[in-house]
Amino acid sequence: MVRAVREMGLAFVAWGIVIAVTGVVKAADPQYAPDREVDILHIVIDVTPDFKACTVAGATTIKFSPIATPLTELRLDAIDLSVSSVTSSAEVAGYTVTDEAITITFEPAVPPGAETTLTVAYQAEPKRGLYFRTPQMGYREDDTHLWTQGETHQAPHWYPNFDYPNERFTSEVICRVSEDMTVLSNGRLISEKLDPKSDLKVVRWLQDKPHVNYLIALAAGRFRKIESRYKDIPLAFYTPTSQIEHAHNSFKDTADMMAFLESEIGVPYPWDKYYQVVVQDFVAGGMENTSLTILNDRTLFTDETENIRSSQGLVAHEMVHQWFGDYVTCKDWSHIWLNEGFAVYYEKLYDGHKNGRDSMLYSLYRSARGALSDRPVHKPIVYRSYSSAGEQFDYRTYPKASWVLHMLRTELGEQLYRQCVKTYLERHALTSVVTEDLRSVIEEMTGRSFDRFFDQWLYHARHPDLTVSYNWREKEKLAKVTVKQTHTVNDDVMLFHFRTKVRFILDDQFIDHDILVDSPQHDFYFPLEKQAKIVRFDPEYGLLADITFEKPTAMLYAQLDNKADVIGRLLAIEALRKKKDKKTVAKLKDVLNKDPFHGVRVEASAALRSIHSDETFKALAESLKQADARVRQTVVEDIGGFYRPESLRLTKEILKTEKNPDILSEAIRNLGRYHAEETRQLVLHYLESKSYRSTLADAAVGAIRMLDDPSFISPLRRILREREKEFTSRGFARALDTLAHISRNEKDTTRVRNFLAGYVNHKRQRTQAGAIGALGTLGDPKAIPIIETFSGDKPDDRIQRTAKDALKNLREQKQLVPAEIMYLRETLDELKKETEKLKNDLEDIKKRLDAEEKRRESRGQGADDEKHRMKLQAGATHNEHITSGLALSRNTCCGRDPAMAS
């Protein structure tokens with residue numbers, strides 16, 4: 001967490017006792033790429049996984065050469081590796097191993113440019129980076145597998161490496177598994193043979209094009225595949241054995257995507273193959289490892305869902321990364337938008353190619369909603385003051401960054417934009433890049449300065465807030481358009497400078513006028529023959545801005561009828577949500593049933609729900625017959641947004657006639673608003689039902705949570721106990737929390753508490769976290785000792801984070817202590833940690849002092865070094881004073897006063 005440096009004086013009053021605590025909150029330092037003392041040339045990772053023990057035996061060989069100065073020490077990232085040996089072509093004087101790194105000392109130093117090999121043999125029981133999916137963890141035997149995830153810094157959990165994207169090298173991955181298993185990795189398959197000594201199959205993959213460390217991948221286990229080709233590039237899609245029947249739905253567009261991206265980007269696909277492998281309970285939606293994308297199994301779906309579910313966006317996104325993120329990679333995490341922004345934007349460009357321009361524009365419209373949401377803190381896209389790399393992967397990196405590229409494409413024109421992107425890729429192929437690399441190419445290709453554009457959109461925060469108004473002056477035949485920038489301008493947010501257009505539509509003719517906005521307010525005057533029926537600001541939808549443009553209702557109706565302008569229709573619906581008159585409702589109903597684009601119909605349905613009147617409910621009820629399942633699902637959901645007998649009646653009818661499981665799920669969740677025995681029986685029926693990935697049972701769990709009825713405790717607990725393996729990990733965790741939620745007000749929660757406690761050590765992390773979080777939801781103080789054993793402060797440790805949140809939730813619910821004391825406890829916990837750190841530092845200084853004295857005595861040095869010894873002693877004494885002071889503060893505040901102890 002980023003915190004500013006400040007002196008903090010905290011005063012608490014508790015039962016008449018005043019306690020003062022003083023501390024210093026440190027600011028996050030700017031983050032930069034680390035120095036590269038060596039050039040890593042090649043890495044060979046040879047691993048033998050033990051699927052029962054969930055461990056790995058490995059040997060990693062790294063070829064490197066020092067860059068500029070003789071190398072005496074080489075530090076490799078290695079998290080919790082048990083190192084058994086280190087050997088090298090150079091003389092190794094020794095090595096040290098900590099929980100986070102291996103440091104190898106060379107004597108004599110390795111000279112610059114000298115190619116050197118180093119091999120580290122080790123054992124690992126990875127907590128991150130490499131993940132097992134085995135029967136012992138509750139997965140199917142025939143689906144046993146493992147997979148890896150490198151981004152951002154997980155790779156050191158399973159092999160030693162230089163783990164930062166400013167270093168590139170070639171790589172080999174060798175994996176030894178039983179003969180019935182498949183092994184997948186980066187690059188091309190070199191060999192696959194049986195080792196007669198171990199009876200294990202040895203599979204070797206080679207990636208002979210340099211790449212960054214986090215893109216190394218391994219997936220091994222029981223998979224099945226479907227295959228295809230694009231030109232001479234092999235394409236394959238793997239799933240765990242039991243799920244292969246659903247692979248085609250997700251794989252079918254892969255070749256078409258590659259053809260489109262090659263054409264749009266102008267650079268051929270850069271790797272030897274393109275494989276995708278679906279794994280269970282992946283940590284994200286997907287990961288773009290070079291030539292081997294790993295996908296979450298949630299992307300698989302059945303034909304029954306019609307067009308509601310699609311893998312198109314995910315599969316396209318990860319394929320785009322093969323160019324943007326793999327072929328060129330951000331040098332450090334402050335420039336991660338160069339990876340993710342391109343992936344999001346070109347995913348949308350493919351959507352336009354596949355489904356039409358309206359579909360692409362609708363996707364941009366939805367992305368803009370996320371990017372324009374107001375936030376208490378605004379950070380720029382290129383941002384260095386983060387405390388962990390994961391903080392960078394937010395709205396700035398995804399929707400906002402994609403919009404920056406869309407604005408560039410709009411301003412440059414499609415052809416010139418393509419030339420710039422092609423040149424950027426070709427010039428920086430197989431290297432690491434920063435934002436300025438892209439800007440310099442654009443300036444070179446266009447002859448224009450883009451300093452201001454990059455400054456306001458990338459190096460400064462936020463977006464413009466605009467108020468636009470229109471006035472027709474009949475006498476002068478002038479249209480007046482006023483544009484105001486209303487956002488707060490400060491050191492973080494600039495006054496924006498941009499070009500756009502104003503469009504006037506008169507009958508079937510439209511007239512465009514270019515405008516430049518570079519001041520807080522502009523008044524623009526445009527001569528017209530007569531008053532326009534429609535006035536559109538930014539008609540080509542090329543500006544990311546929060547725009548307020550009040551228009552007459554008649555103009556909104558005309559805009560709603562303009563079938564050539566999908567964004568205009570969407571914006572009209574947005575404005576009409578504020579009106580409740582019958583004519584507007586009739587217009588929206590007509591759009592819901594007749595508009596040619598599904599996204600407009602979806603938004604019309606949502607607008608009718610938002611207006612929330614008898615007329616809008618009737619309009620929705622009469623619009624249930626929708627051929628497009630996406631619209632039908634939205635109408636069902638929006639009908640459920642009304643609490644009335646007619647809504648329940650319609651929901652029951654839908655449950656009888658609908659076949660699509662995703663639409664049925666919406667109807668089941670709608671039941672959660674109605675307390676009646678018939679409703680209860682329906683919910684129980686779907687809780688007991690079986691469906692793909694327990695979709696319907698999941699929906700029933702959602703309804704149970706809304707009903708908040710303790711009569712569901714026993715049947716829900718039974719279902720969870722008997723059918724755990726049928727739920728997804730995510731669904732099971734949600735169900736555990738629902739069980740806790742409906743039990744929280746019971747007089748005796750012992751049975752539920754014990755049931756939940758039975759899952760806190762579950763081998764599936766998501767289930768384990770779900771159980772710990774559910775104990776917090778339950779609100780039983782007797783769960784505190786259980787949860788405390790898992791609590792911690794590592795921000796990237798899901799279990800520790802969940803336990804900490806659960807403890808806070810539990811204490812707040814039961815109001816065990818006043819808020820002031822809770823805050824005091826949190827503060828004292830921080831002081832305790834600081835004290836422990838200072839104690840460790842003190843002990844380290846003392847040990848170094850003793851070692852230094854012994855070394856000097858052995859070399860015959862004495863009085864001349866007294867000054868050095870005194871310097872070390874002074875540091876130790878200083879830390880002793882600080883430690884003693886913190887300990888005194890802790891003793892004064894905690895436990896020494898009976899009132900405080902209580």
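Residues numbered from 1 in each chain as written. Predicted model: local features only at pLDDT ≥ 70, side-chain atom pairs only at ≥ 80, totals over all residues. Heavy atoms only, no water.

Draft legend 1. Broad picture of the overall build of the chain. For the chain, the helix and strand inventory stands at 28 helices and 30 strands. Each of the 902 residues in the chain was classed as buried or not, and the buried ones make up 54%. When the accessible surface of the chain is summed, it comes to about 40300 Å², and 48% of that surface belongs to carbon and sulfur atoms. (Helix = DSSP H or I, 4+ residues; strand = E, 2+ residues; numbered from the N terminus. Buried < 20%, exposed > 50% of the residue type's maximum accessible area, 1.4 Å probe, protein only. Areas by Shrake-Rupley, 256 points an atom, 1.4 Å probe, with all protein chains shown as cover.)

Draft legend 2. Molecular detail of unusual backbone geometry. At the junction of glutamate 107 and proline 108, the peptide bond is cis and its omega measures out at 5° in the coordinates. Here proline 108 is to be found in strand 8 (residues 101–110). The phi angle at cysteine 54 is positive, at roughly 55°, despite the residue not being glycine. Relative to the helices and strands, cysteine 54 is located in the loop between strand 3 (38–50) and strand 4 (55–66). With a phi angle near 55°, serine 694 is a residue other than glycine that sits in the positive phi range. Position of serine 694 among the secondary structure elements: in the loop between helix 18 (677–688) and helix 19 (695–707).

Draft legend 3. Molecular detail of the pattern of salt bridges. Applying the stated criterion to the full structure yields 60 salt bridges. Measuring nitrogen to oxygen at the nearest pair gives 2.9 Å for the salt bridge that ties aspartate 142 to arginine 140. Owing to a relative accessible area of 48%, arginine 140 belongs among the partly exposed residues under this scheme. With a shortest N-O distance of 3.2 Å, lysine 354 and aspartate 253 are connected by a salt bridge. Highlighted residues: lysine 354 in helix 4 (residues 337–355) and aspartate 253 in the loop between helix 1 (247–251) and helix 2 (254–265), separated in sequence by 101 residues. Aspartate 253 sits in the buried class, given a relative accessible area of 13%. (Salt bridge = Lys/Arg side-chain N within 4 Å of Asp/Glu carboxyl O.)

Draft legend 4. Examining the nonpolar core more closely. Ranked by internal contacts, the top residues of the largest apolar core, which has 179 residues, are Tyr346 and Phe504. Sequence-distant contacts of phenylalanine 504, defined by excluding residues within four places in its chain, comprise Tyr470, Ala479, Val481, Gln509, Phe510, Ile511, His513, Phe526, Leu528, Ala532, Ile534 and Val535. Counting residues in hydrophobic clusters, the runner-up holds 71 residues, among them Ile40, Ile43, Leu76 and Val279. (Core = buried A, V, L, I, M, F, W, Y, C linked by side-chain atoms within 4.5 Å. Contact = heavy atoms within 4.5 Å.)

Draft legend 5. Expanded view of the sheet that holds strand 10 (residues 130–133). The sheet built from four strands is open, its strands ordered 10-11-16-13 with antiparallel pairing. The sheet is open, and its two edges are formed by strand 10 and strand 13 (182–185), each paired on a single side. Taken pair by pair, the neighbouring strands of this sheet meet at an average axis angle of 10°, ignoring direction. In terms of strand pairing, strand 11 (residues 145–148) meets strand 16 (residues 218–221) through three bridges, oriented antiparallel. Its bridge partner being in strand 16, tryptophan 147 is matched across the sheet by alanine 219. (Pairing = 2+ DSSP bridges. Axes fitted to C-alpha atoms, helices over the stretch in contact; angles between N-to-C directions.)

Draft legend 6. How the structure looks around helix 6 (residues 396–412). Relative to the 24 Å expected for 17 residues at 1.5 Å per residue, helix 6 spans 22 Å between its end C-alpha atoms, a close match to the ideal helical length. Along helix 6, 14 of the 17 residues are buried, which leaves the element largely enclosed by surrounding structure. With its phi angle positive at about 90°, glycine 413 sits one or two positions after the end of helix 6. (Expected span 1.5 Å × (residues − 1).)

Draft legend 7. The packing of helix 8 (residues 435–446) against helix 9 (residues 451–459), seen in detail. With their axes 11 Å apart at the nearest point, helix 8 and helix 9 run at an angle of 150° to one another. Judged on the interaxial angle alone, helix 9 and helix 8 are roughly antiparallel. Here the hand of the crossing between helix 8 and helix 9 comes out right-handed. In contact with Thr435, Glu436, Leu438, Arg439, Ile442 and Glu443 of helix 8, helix 9 contributes Asp451, Phe454, Leu458 and Tyr459. Tallied by class, residues from the contact of helix 8 with helix 9 come to five nonpolar, one polar and four charged. (Parallel < 35°, antiparallel > 145°, perpendicular 65-115°, else oblique. Left-handed = near helix turned anticlockwise from the far one by under 90°. Nonpolar A, V, L, I, M, F, W, Y, C, P; charged D, E, K, R; others polar.)

Draft legend 8. Just the packing of helix 7 (residues 414–427) against helix 8, in detail. One can describe the packing of helix 7 onto helix 8 by two numbers: an axis separation of 9 Å at closest approach and a directional angle of 130°. As the angle between them shows, helix 7 and helix 8 are arranged oblique. Along this stretch, helix 7 crosses helix 8, giving a crossing that reads as right-handed. For the pair formed by helix 7 and helix 8, the contact residues are Leu416, Gln419, Cys420, Thr423, Tyr424 and Arg427 on the first element and Asp437, Leu438, Val441, Ile442, Glu444, Met445 and Thr446 on the second. Taken together, the residues of the contact of helix 7 with helix 8 sort by class into seven nonpolar, three polar and three charged.

Draft legend 9. Quick look at the sheet that holds strand 24 (residues 465–473). Taken in spatial order, the four strands line up as 28-25-24-30 in an open sheet, and their pairing is mixed. Across the chains shown, the open sheet's two edge strands, defined by having one partner strand only, are strand 28 (521–527) and strand 30 (546–549). Direction aside, the axes of adjacent strands within the sheet are offset by 20° on average. Where strand 25 (residues 478–485) and strand 28 come together, seven bridges link them in antiparallel fashion. By the bridge assignment, alanine 479 is partnered in strand 28 with phenylalanine 526.

Draft legend 10. Layout of the packing of aromatic side chains. Enumeration over the complete set of coordinates arrives at 32 aromatic pairs. With centroids separated by 5.8 Å and ring planes inclined at 50°, the aromatic side chains of phenylalanine 237 and phenylalanine 251 adopt a geometry described as tilted. Residue phenylalanine 237 is found in strand 18 (residues 233–240), and its partner phenylalanine 251 is found in helix 1; the two are separated by 14 residues along the sequence. Their ring planes at 20° and their centres at 6.3 Å tell us that phenylalanine 524 and phenylalanine 526 sit as a pair that is stacked. Each member of the pair, phenylalanine 524 together with phenylalanine 526, is buried. The rings of Phe324, Phe342, Tyr345, Tyr346 and Tyr424 are connected pair by pair, giving a single aromatic cluster. Its end group placed over the ring of phenylalanine 549, lysine 551 keeps NZ or CZ at 4.6 Å from the ring centre. Directly above the aromatic system of tyrosine 557 lies the positively charged group of lysine 587, at a separation of 5.4 Å from the ring centroid. (Phe/Tyr/Trp six-rings, centres within 6.5 Å; stacked < 30°, edge-to-face > 60°. Lys NZ or Arg CZ within 6 Å of the ring centre and 35° of its normal.)

Draft legend 11. Quick peek at helix 17 (residues 661–670). Counting buried positions over the 10 residues of helix 17 gives nine, a clear majority of the element. Within the sequence span of helix 17, burial applies to Pro661, Asp662, Ile663, Leu664, Ser665, Glu666, Ala667, Ile668 and Asn670. The inward-facing, buried residues of helix 17 abut helix 15 (629–639), helix 16 (645–657), helix 18 and helix 19. Between the side-chain oxygen at the start of helix 17 and the backbone nitrogen of aspartate 662 there is a gap of 2.9 Å, and the oxygen is on asparagine 660. (Polar contact = N/O pair within 3.5 Å; in protein donor to acceptor, adjacent residues only side chain to side chain.)

Draft legend 12. Broad picture of the pairing of strand 26 (residues 498–506). Counting buried positions along strand 26 yields seven of nine residues, so the element is predominantly enclosed. Strand direction decides the pairing type here: strand 26 and strand 27 (residues 509–517), joined by nine bridges, are antiparallel. Its bridge partner lying in strand 27, phenylalanine 504 is registered against isoleucine 511. As consecutive antiparallel partners, strand 26 and strand 27 are separated by two residues, and within that stretch aspartate 507 has a phi angle of approximately 55°, a positive value. Both strand 26 and strand 29 (residues 534–537) contribute to a ladder of four bridges, which runs antiparallel. Looking at the pairing, valine 502 lines up with phenylalanine 537 of strand 29.

Draft legend 13. Geometry of the pairing of strand 8. As paired strands, strand 5 (residues 71–77) and strand 8 are joined by six bridges and run antiparallel to one another. Of the residues in strand 8, the one forming a bridge with glutamate 73 is threonine 105. As defined by bridge partners, strand 7 (residues 92–97) adjoins strand 8 across five bridges and the pair is classed as antiparallel. Along strand 8, the bridge assignment pairs tyrosine 95 with isoleucine 104.

Draft legend 14. Examining the confidence of the model for the chain more closely. Confidence in the prediction for the chain averages 91 pLDDT; 89% of positions are at 70 or higher. Within the chain, no element has a lower average pLDDT than strand 1 (residues 6–14), which sits at 29, and none a higher one than strand 16, at 99. Taken as a whole, residues 875–902 scores under 50 in pLDDT and shows 34 contacts with residues more than four places along the chain or in a different chain. (pLDDT = per-residue confidence, 0-100.)

Draft legend 15. Molecular detail of the side chain of threonine 239. As for its placement among the helices and strands, threonine 239 is situated in strand 18. Side-chain polar atoms of threonine 239 contact the backbone nitrogen of isoleucine 244, separated by 3.2 Å. What threonine 239 contacts, discounting residues up to four positions off in sequence, is Arg222, Phe223, Arg224, Ile244, Ala247, Val278 and Leu300.

Draft legend 16. Here's a closer look at the environment of aspartate 780. Among the secondary structure elements, aspartate 780 is positioned in the loop between helix 23 (765–778) and helix 24 (784–788). C-alpha separation for the pair aspartate 780 and asparagine 745, spaced 35 residues apart in sequence, amounts to 9.6 Å. Within the structure, the side chain of aspartate 780 is placed 2.7 Å from the side chain of threonine 749, a separation counted as a polar contact.

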